[in-house]
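Chain by chain, the residues:
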Amino acid sequence: MVGERDPLKDVARNLERWTQGIVARVFTQQTIDDLAQWARVPVVNALSDLYHPCQALADVQTIRERFGRWDGLKLAYVGDGNNVAHSLMLTAGRLGMSISVACPAGYEPNAAIVAQARAAGVTVDIVSEAAEAASGAHVIYTDVWASMGQESEALERQRIFAPYQVDESLMARAASDAIFLHCLPAKRGLEVTDAVMESPQSAIFDQAENRLHAQKALLAMLLQ
Ligand code: NVA
């Protein structure tokens, strides 16, 4: 585990001597922040408990491919107000999309990140009904109900999140040309049905492909 044998400030200053950049997939955001503080090369967050920004880049690329624009589109995020939801608010929101998050009480997105998005001019609605978020949406997005480190809560979360499953009836509330996105891996039969994953509205494998393109573009920009 990074930071266990050597302190992170030493890890950062080793890696910066050998590389032109650090791409780190970690548990806590603090690890990313510490690497960024100590390393003189770019540090990319490839997943933390608070954010999943690289995924969000691929997501907005996929949305742009499908709709030709971002401005004026509504993204409904249904489920756990987690790292993926946070980065979508900050990324898709800043590109002109409005974000509607439907989640059970107690599982809302981080209040400070919602405030940050709103301060940047993003329209973020937090609602309790999945149907309300999905209404008229152009993108329906969900993620696993139990993220990394929450495995012991998985059964309890299955009960709490059951009304938030993305199924065909929820998709029917969205715009007629709406797409379904999921960062994968998905738990079919929990947060999303197999039928939605396999439907013509599902853009999940374009989205997965775009991780490659978006992350190559990010590295190309950072390493110029
Ligand atoms: N929310 C999930 C995303 C996995 C790609 C997690 O943090 O485990």
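Reading guide: rules and limits
Residues numbered from 1 in each chain as written. Predicted model: local features only at pLDDT ≥ 70, side-chain atom pairs only at ≥ 80, totals over all residues. Heavy atoms only, no water. Near = heavy atom within 4 Å. Polar contact = N/O pair within 3.5 Å; in protein donor to acceptor, adjacent residues only side chain to side chain. Areas by Shrake-Rupley, 256 points an atom, 1.4 Å probe, with all protein chains shown as cover. 1 Å grid on protein atoms, 1.4 Å probe; cavity = no way out; pocket = protein on both sides within 12 Å on 5 of 7 lines; lining within 4 Å. Sits in = over half its atoms within 2 Å of the grid points. Pairing = 2+ DSSP bridges. Helix = DSSP H or I, 4+ residues; strand = E, 2+ residues; numbered from the N terminus. Axes fitted to C-alpha atoms, helices over the stretch in contact; angles between N-to-C directions. Contact = heavy atoms within 4.5 Å. Parallel < 35°, antiparallel > 145°, perpendicular 65-115°, else oblique. Left-handed = near helix turned anticlockwise from the far one by under 90°.

**Quick notes on the site of the ligand**
Near the ligand, the surroundings consist of His52, Asn82, Asn83, Asp143, Val144, Ser147, Met148 and Leu184. The separation between a nitrogen atom of the ligand and a polar side-chain atom of Asn82 is 3.4 Å. At 2.6 Å from a nitrogen atom of the ligand is found a side-chain nitrogen or oxygen belonging to Asp143. For the ligand, whose free accessible area comes to 270 Å², the fraction covered by protein is 89%. When atoms are counted within 2 Å of each cavity's grid points, the one that captures over half of the ligand is the largest pocket.

**Some words on the sheet that holds strand S7 (residues 179-182)**
Each strand in a sheet pairs with another by means of backbone hydrogen bonds, the pair being arranged parallel or else antiparallel. The strand order across the open sheet formed by 5 strands is S5-S4-S3-S6-S7, and the pairing between neighbours is parallel. Lying at the two open borders of the sheet, with one neighbouring strand each, are strand S5 (124-127) and S7. The mean angle between the axes of side-by-side strands here comes to 20°, regardless of whether they run parallel or antiparallel. Relative to strand S6 (residues 139-142), strand S3 (residues 74-78) is paired through 3 bridges, and the arrangement is parallel. In the strand pairing of S6, Tyr77 is matched with Tyr141. Where helix H10 (residues 204-222) meets the sheet, its contacts fall on S6 and S7, and the angle it forms with S7 comes to roughly 50°.

**Points about the packing of helix H3 (residues 53-67) against helix H4 (residues 83-94)**
Here H3 crosses H4 at 45°, and the two axes come no closer than 9 Å. Taken together, the axes of H3 and H4 lie oblique to each other. Here H3 runs over H4; the crossing is right-handed. Contacts between H3 and H4 involve Pro53, Ala56, Asp59 and Val60 from the first element and Ser87, Leu88, Thr91 and Ala92 from the second.

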